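Here is how the chains run, residue by residue.
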Amino acid sequence: MDKPETTNQPFFPDNLEENKAIYNSLQEKLKVIFDSLVRDKINLELQIIESKKFRLAVDSASDHIIITDPDGTIIYANKAVEKVTGYTFDEVVGKTPGKLWGGHMSKDFYAKMWETIHKKEPYKAEMNNVRKNGEPYVAEINVSSVSDERGELLFLVGIERDITKEKEVSQMKNEFVGLVSHQLRTPLTGIRWFVELLLRNKEGNLIPAQLDFLKQISDSNQRMIGLVNDLLDISHLETGHKFDVVRKNFTFDSLVQEVLRDNIVLITDKNLKIVNEIPKTLLVFADYAKLKQVLQNLVSNATKYTLEKKSIFLSVKTDVDKGLIFAVKDEGIGIPKEQLGRMFEKFFRADNASSQDPNGNGLGLYIARGIVRAHSGDMWVESEENKGATFFFSLPIVSAKDQKLDSENKK
Amino acid sequence: MAKKKILIVEDDTTLAKALAYEFQQQDFEVASAMDGLEGLKLAESMLPDLILCDIAMPKMDGLTMLGKMRETSWGKGIAVIMLTNFSDEQKVMEALSQQAFDYLVKSDWDLSQIVAKAKERLGV
């Protein structure tokens, strides 16, 4: 081996060095290419594993997931789709949900859904669908759109959750509460009426202590009646159909005067000043009895929590988006900052509430907001602890035309 | 002046007793029925000035009784106040569409307030 090299050496001594360098550099380059190929291969394998992982995750998700083209034609369906709807993968691909389990909602419903999707906003709703075997089911659906970097719609991802069971359980729970509440009212009425008769002390033979005890029975009974009424309101609120509101036109002031009359005892006892800045002639289109419940709740809270000799302010302003915004402002103990967000939760009471009103049940504001929302308005609160709180609620302004439509729909 | 006649149609004996006692005290002539069927018969024979009528009752419920009475010549114009512990809108609407003067949830009212309502309707 050495010999030819040494023989050749004199002829190509420089070339040999050059060749070596070329060879080395080629080897380097090849190594780089090889390394990059290996890296690509690994990346590719990783991507395959990733995509398999994703596919596996999506496939085995308990929620029903479909991917469709921008027109709604299904290109992928996970395993839960078959479990929920009864249609196999092969039966759904190439078709639209509307031709399979969907298509049972109103035209308006679908129009609104597509309008939202085309605006590339996520769409969420509850839908009544039908399985392959004809069985109806209730689904909570979420549709989101996926676009490329130019904003062109690529595909839609639809996620459905079968909430039929949850709906049934909640319906049963509410029917039960409704039934029990009605049954409770009858004996509570008996107590109320006979205590009322006794408290009159017609024969004059009850001693003051006995009358006081009767008064305690009466107070407890009234609280129980209030609680049953609140529970009924809640079961109504949570059966899905919200509150049925029967709207008519009335002056808001008539409501204010009635509510102030109902709270006059505490207002006088605490020497509170009521500053009412709501115009006497302001007309609203709402459910009188229900809106009274809202105002009654806010005003009675304000009187309970406002300190003696302080003021309560009632005002209204207009807002382009929200319509009329009413405010009930008090100079009370206020609400701790970290608890402000929880004021409208069912059964929630702020830490400092019990000192002023030990008997509250934490349901009033939850119900009041439910009533306002049934009027397509909303309710919110601003407060600073030890300075007071302002509760706002909005009522949309209803045009004369829509008022007419509303009363016709109720007939 | 002749006493005003009140018919109480109520299946709960405790509540019927309290109502009857209160209206007698207030100088009304009182009759009571335990269900809608009995109430309908009694209403036809005594022709009361006012009926206080419960809704959920055995044999015949209050709304059916009211509907049947409104179909008769004698019962078209009798004043009725529905007195019940159901507060759903549908029942209220149905009662008011049958010319019930008012619809009161029993547990929300004192006896004295119910008497005041009755007097308001009768104009006494």
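Would you mind going over the overall build of chain B with me for this structure?
Within chain B, the regular secondary structure consists of 5 helices and 5 strands. Listed by position from the N terminus, the elements making up chain B come as β-α-β-α-β-α-β-α-β-α. Within chain B, buried positions represent 49% of all 124 residues. In the structure as shown, chain B presents an accessible area of about 5700 Å², 49% of it carried by carbon and sulfur atoms.

I'm lost on the interface of chain A and chain B in this one. Help?
Listed by partner, the interface residues are 18 residues for chain A and 25 residues for chain B. Summing the contributions of chain A and of chain B, the shared interface buries around 1900 Å²; its carbon and sulfur component is 57%. The three residues of chain A that bury the most area against chain B are Arg185, Arg192 and Trp193 of chain A, which together make up 32% of that side's buried surface. Between chain A and chain B we count 2 salt bridges in total. Among the ionic pairs, glutamate 22 of chain B bridges to arginine 200 of chain A, the shortest N-O distance being 2.7 Å. Where chain A packs against chain B, one counts 12 residue pairs in polar contact (both at pLDDT 80 or more). Mapped onto the side of chain A that touches chain B, the elements with two or more residues apiece are α6 (164–199) and α7 (208–238) of chain A. By residue number, the principal contributor to the side of chain A that touches chain B is α6 of chain A, which donates 10 residues. A class-by-class count of the residues in the side of chain A that touches chain B yields 6 nonpolar, 5 polar and 7 charged.

Can you walk me through helix α3 (residues 62–70) of chain B in this structure?
Think of an α-helix as 3.6 residues a turn; residues three or four steps apart then line up on the same face. All names here are of chain B. Where burial is concerned, most of α3 is hidden: 7 out of the 9 residues are buried. Every buried residue of α3 is listed here: Gly62, Leu63, Met65, Leu66, Gly67, Met69 and Arg70. Where α3 begins, one side-chain oxygen reaches toward the backbone nitrogen of leucine 63, 3.0 Å away; that side chain belongs to aspartate 61.

I keep staring at a nonpolar patch on the surface and nothing clicks. Help me out?
All names here are of chain A. Taken together, Phe34, Val38, Ile42, Leu46 and Ile49 make up a surface patch of nonpolar side chains, about 450 Å² in accessible area. For phenylalanine 34, the position within the fold is in helix α2 (residues 13–60). For phenylalanine 34, a relative accessible area of 54% puts it in the exposed group.

It is not clear to me how the nonpolar core should be interpreted in this structure. Could you clarify?
Grouped burial of nonpolar side chains is what soluble globular proteins tend to show. Grouped together as the largest cluster of nonpolar side chains are 43 residues, with contacts concentrated most on Phe252, Leu291, Leu295, Phe326 and Phe393 of chain A. Apart from the residues within four sequence positions on either side, phenylalanine 326 of chain A is in contact with Phe252, Ile278, Leu282, Val284, Ser315, Val316, Phe391, Phe392, Phe393 and Leu395 of chain A.

What exactly am I supposed to notice about the pairing of strand β1 (residues 5–9) of chain B here?
Regular strands show a simple pattern: their side chains alternate between the two faces of the sheet. Residue and element names in this part refer to chain B. Burial analysis of β1 places 4 of its 5 residues in the buried class, the great majority of the element. Sheet topology note: the β1/strand β2 (residues 29–33) ladder contains 5 bridges and is parallel. Note that in β2 the partner of isoleucine 8 across the bridge is serine 32. For the crossover from β1 across helix α1 (residues 13–25) to β2, the handedness is right-handed. Relative to strand β3 (residues 50–53), β1 runs parallel, the two being bridged by 4 bridges. Across the sheet, leucine 7 pairs through a bridge with isoleucine 51, a residue of β3.

Quick question: what am I supposed to make of the confidence of the model for chain B here?
Close inspection of predicted coordinates is inappropriate for parts of the model with low pLDDT. Residue and element names in this part refer to chain B. Per-residue confidence for chain B gives a mean pLDDT of 90; residues scoring 70 or more make up 98%. Least confident of the elements in chain B is helix α4 (residues 89–97), whose mean pLDDT is 74; most confident is β1, at 96. For this predicted complex, the interface score ipTM comes out at 0.92, alongside a pTM of 0.61.

Looking at this model, I keep getting lost on the environment of phenylalanine 313 of chain A. Mind explaining?
All names here are of chain A. Along the chain, the position of phenylalanine 313 falls in strand β9 (residues 311–319). Sequence spacing of phenylalanine 313 and isoleucine 274 is 39 residues, and the spatial spacing of their C-alpha atoms is 6.1 Å. For phenylalanine 313, the contacting residues outside a window of four places in its chain are Val275, Ala327, Val328, Lys329 and Glu331.

Is there a simple way to explain the environment of tryptophan 109 of chain B in this structure?
One can find tryptophan 109 of chain B in the loop between β5 (102–105) and α5 (111–122). Overall, the relative accessible area of 22% leaves tryptophan 109 of chain B in the partly exposed class. If sequence neighbours within four positions are ignored, tryptophan 109 of chain B has contacts with Arg192 and Trp193 of chain A together with Leu104, Ile114 and Lys117 of chain B.

Would you explain the side chain of aspartate 287 of chain A in this entry?
All names here are of chain A. On the secondary structure map, aspartate 287 appears in the loop between β8 (283–286) and α10 (288–305). By relative accessible area, which is 6% here, aspartate 287 ends up buried. Among the polar contacts listed, one links the side chain of aspartate 287 to the backbone nitrogen of alanine 289, at a separation of 3.3 Å. One polar contact links the side chain of aspartate 287 to the main-chain amide nitrogen of lysine 290, over a distance of 3.2 Å.

What am I meant to see in the sheet that holds strand β4 (residues 79–84) of chain B here?
The strands making up a sheet are joined through hydrogen bonds of the backbone, oriented either antiparallel or parallel. Residue and element names in this part refer to chain B. With respect to topology, 5 strands assemble into an open sheet ordered β2-β1-β3-β4-β5, the strand pairing being parallel. Pairing within the sheet leaves two strands with one partner each, and these edge strands are β2 and β5. Between one strand and the next, the sheet's axes are offset by a mean angle of 20°, whatever the strand orientation. On top of the sheet, α1 reaches β1, β2, β3 and β4; it is set at about 165° to β2, its chief contact.

So what exactly am I meant to see when it comes to the packing of aromatic side chains here?
Pairs of aromatic rings are described using the distance from one ring centre to the other and the angle between the two planes. All names here are of chain A. On inspection of all chains with the given rule, the structure shows 10 aromatic pairs over all chains. Ring plane angle 50° and centroid distance 6.4 Å describe the contact between tyrosine 87 and tryptophan 101, whose orientation is recorded as tilted. Of the two residues, tyrosine 87 is situated in the loop between α3 (79–85) and α4 (89–92) and tryptophan 101 in the loop between α4 and α5 (107–118); the sequence distance between them amounts to 14 residues. With a relative accessible area of 14%, tyrosine 87 lands in the buried category. Ring centres of phenylalanine 252 and phenylalanine 326 lie 4.1 Å apart, and the angle between their planes is 20°; this geometry places the pair in the stacked category. Of this pair, phenylalanine 252 sits in helix α8 (residues 252–262) while phenylalanine 326 is found in strand β10 (residues 323–330), placing the two residues 74 residues apart along the sequence.

Rules of the game
Residues numbered from 1 in each chain as written. Chains lettered and ligands numbered in written order. Predicted model: local features only at pLDDT ≥ 70, side-chain atom pairs only at ≥ 80, totals over all residues. Heavy atoms only, no water. Helix = DSSP H or I, 4+ residues; strand = E, 2+ residues; numbered from the N terminus. Buried < 20%, exposed > 50% of the residue type's maximum accessible area, 1.4 Å probe, protein only. Areas by Shrake-Rupley, 256 points an atom, 1.4 Å probe, with all protein chains shown as cover. Contact = heavy atoms within 4.5 Å. Buried area = accessible area lost by both parts, 1.4 Å probe. Salt bridge = Lys/Arg side-chain N within 4 Å of Asp/Glu carboxyl O. Polar contact = N/O pair within 3.5 Å; in protein donor to acceptor, adjacent residues only side chain to side chain. Nonpolar A, V, L, I, M, F, W, Y, C, P; charged D, E, K, R; others polar. Patch = residues over 30% accessible without salt bridge, like charges linked within 9 Å, V, L, I, M, F, W, Y side chains within 5 Å. Core = buried A, V, L, I, M, F, W, Y, C linked by side-chain atoms within 4.5 Å. Pairing = 2+ DSSP bridges. Right-handed = clockwise from strand over helix to strand, strands pointing away. pLDDT = per-residue confidence, 0-100. Axes fitted to C-alpha atoms, helices over the stretch in contact; angles between N-to-C directions. Phe/Tyr/Trp six-rings, centres within 6.5 Å; stacked < 30°, edge-to-face > 60°.

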